[in-house]
Amino acid sequence: MMMRTFRQGFLIALTAVVMGGSLSAAEPLKALIVDGQNNHDWKSTTPSMKATLEATGRFKVDVATSPAKGASKDEWKAFHPEFSKYDVVVSNYNGEGWPASVNEALVDYVKNGGGLVIVHAANNAFESWPEYNDMIGLGWRDNKFGERVTIADNGEVVHTLKGQGPSSGHGPQHAYKVIIRDNEHPITKGLPTEWMHTNDELYHGQRGPARNMHVLASAYSDKAKGGTGANEPMLWVIPYGKGRVFTTLLGHVGGSNNGKTDTRAIRCLGFQTTLARGAEWAATGKVTLPAPTEFPSASEEKLAPEAK
Ligand code: ZN
């Protein structure tokens, strides 16, 4: 366990007590991170996300790891996460299709009130799974796949038709400002309206059915930085059956920063806070986790220290 985990957890728990919350007394929510295949280093990002969630004191996290790419049918038969035992499922998975029974179990779980959180490249997965596309709203797809959603400068949500505008992509990584578009939603309430996210990919042109999608935050995709010149959605929620889905496009890990794997994106306190609050909301429909006292400002990044 890393030192920062204890310190952050303590600070957050302390803040909750001061604010009159009763986090320490509440039974932890049960979260399941699903991984096993990803075009990112899931072996390092899963422990980091687990630590972020558990540091709040609000979650107890298990991990379900799928077979590796190219595994046999028999190996896949052993993969059947018991989604229904959890309050929230966090997908850190971007890889081969799951067995139909696993897909059905996840859809039933969310329909019956389960929470689902999609992190970064997890929205690249499962293009040919219709219910998954409905749950995530937008995925990393070709522009012929479905609609695109952007946010006008006045905050209006703009739908671009299938076939028009860019396909999914991103320019070179850079730090960018995240703009909260709904300050009243439990996940974003109390957070600064503008905050500087650290070096990360800025996904653009995400495509999908985009039904019932409520955008919580966007980021301006600068043409000078390989982007689209539009405000691209970064955080959003979708109700699905009795359940709730939260997507964050933030959180790329890879490449090198001073000779080490660049983990800045998942150490940004903006990423960590919205991940934890998004997971709590997906699990319960409410957020008790307080806005942290340390948070990026509109001009200054704020990162948790590197894991030891
Ligand atoms: Zn990435």
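What counts and what doesn't
- Residues numbered from 1 in each chain as written.
- Predicted model: local features only at pLDDT ≥ 70, side-chain atom pairs only at ≥ 80, totals over all residues.
- Heavy atoms only, no water.
- Helix = DSSP H or I, 4+ residues; strand = E, 2+ residues; numbered from the N terminus.
- Rg over C-alpha atoms; globule rule 2.2 N^0.38 Å.
- Buried < 20%, exposed > 50% of the residue type's maximum accessible area, 1.4 Å probe, protein only.
- Contact = heavy atoms within 4.5 Å.
- Polar contact = N/O pair within 3.5 Å; in protein donor to acceptor, adjacent residues only side chain to side chain.
- Donors = N, O, S within 2.8 Å, 3.2 Å for Na, K, Ca; no water.
- Tetrahedral: all angles 85-135°; square planar, octahedral: opposite > 155°, others 65-115°.
- Salt bridge = Lys/Arg side-chain N within 4 Å of Asp/Glu carboxyl O.
- Right-handed = clockwise from strand over helix to strand, strands pointing away.
- Lys, Arg positive; Asp, Glu negative; His and termini not counted.
- Pairing = 2+ DSSP bridges.
- Core = buried A, V, L, I, M, F, W, Y, C linked by side-chain atoms within 4.5 Å.

Caption draft 1: Structural context of the overall build of the protein. Each helix and strand in the protein was counted, giving 7 helices and 13 strands. On C-alpha atoms alone, the protein measures out to a radius of gyration of 18 Å, which is about the 19 Å that the 2.2 N^0.38 rule sets for 308 residues. Along the longest, intermediate and shortest principal axes, the C-alpha atoms of the protein span 50 × 50 × 45 Å. Of all 308 residues assigned to the protein, the portion counted as buried reaches 54%.

Caption draft 2: Representation of the environment of Arg277 within the structure. Position of Arg277 relative to the elements: it lies in helix 7 (residues 269-284). Separated by 13 residues in the primary sequence, Arg277 and Arg264 place their C-alpha atoms 19 Å from one another. The contacts of Arg277, once residues within four sequence positions are left out, are Pro186, Ile187, Thr188, Lys189, Leu191, Val287, Leu289, Pro290 and Ala291. Of the polar contacts made by the side chain of Arg277, one reaches the backbone oxygen of Lys189; its length is 2.9 Å.

Caption draft 3: Structural detail: the coordination of the zinc ion. Protein-derived coordination of the zinc ion comes from His40 (NE2), His120 (NE2), Glu201 (OE) and His252 (ND1), at a distance range of 2.0 to 2.2 Å. Classification of the site at the zinc ion rests on its 4 donor atoms, whose angles at the metal span 89 to 162°, yielding the label irregular. Sequence spacing of the donors to the zinc ion: H-x79-H-x80-E-x50-H. Of this pair, His40 sits in the loop between strand 1 (29-35) and helix 2 (42-55) while His120 is found in the loop between strand 4 (115-119) and helix 5 (130-136), placing the two residues 80 residues apart along the sequence. For the pair His40 and His120, a shared accessibility class is recorded, and that class is buried.

Caption draft 4: Structural context of the pattern of salt bridges. Under the defined criterion, the tally for this structure stands at 13 salt bridges. Between Lys60 and Asp62 there is a salt bridge whose closest N-O contact spans 3.6 Å. Looking at Lys60, the relative accessible area reads 46%, which means it is partly exposed. Of the charged contacts in the structure, one is a salt bridge between Arg148 and Glu232, with a shortest N-O distance of 2.6 Å. Here the residue Arg148 occupies a position in strand 5 (residues 148-151), and Glu232 occupies one in strand 10 (residues 230-240), the gap between them amounting to 84 residues. Across the pair, exposure class does not vary: Arg148 and Glu232 are buried alike. The network of salt bridges with common partners includes Lys260, Arg267 and Glu306.

Caption draft 5: Expanded view of the pairing of strand 4. Most of strand 4 sits out of view: 5 of its 5 residues are buried. Side chains Gly115, Val117 and Val119 project from strand 4 onto one buried face, and the interleaved Leu116 and Ile118 project onto a second face that is buried too. Traced from strand 3 (residues 88-91) through helix 4 (residues 100-111) to strand 4, the parallel crossover comes out right-handed.

Caption draft 6: Summary view of the side chain of Arg141. Within the secondary structure layout, Arg141 lies in the loop between helix 5 and strand 5. Despite its burial, Arg141 remains without a salt bridge, the nearest opposite charge being carried by Glu127 at 4.3 Å. Within polar-contact distance, the side chain of Arg141 engages the backbone oxygen of Ala125 at 2.8 Å. The contact partners of Arg141, leaving out residues within four places of it in the chain, are Asn123, Asn124, Ala125, Phe126, Glu127, Tyr132, Asn133, Ile136, Ser167, Ser168, Gly205 and Arg207.

Caption draft 7: Layout of the pairing of strand 3. Neither face of strand 3 is open: one carries Val88 and Val90, the other Val89 and Ser91, and all of them are buried. With 4 bridges connecting them, strand 1 and strand 3 associate as parallel partners. Opposite Val34, over in strand 3, you have Ser91 as the bridge partner.

Caption draft 8: Looking closely at the nonpolar core. Residues Leu53, Phe59, Val88, Val117, Met213 and Met234 are the most contacted members of the largest nonpolar core, which totals 49 residues. Sequence-distant contacts of Leu53, defined by excluding residues within four places in its chain, comprise Arg58, Phe59, Val61, Val90, Leu275, Ala276 and Ala279.

Caption draft 9: Summary view of the side chain of Asp200. For Asp200, the position within the fold is in strand 8 (residues 194-200). Despite being buried, Asp200 has no salt bridge partner; Arg264 is the closest side chain of opposite charge, sitting 9.6 Å away. There is a polar contact of 2.6 Å between the side chain of Asp200 and the side chain of His197.

Note that all results are geometric; they support no functional claim without further evidence.
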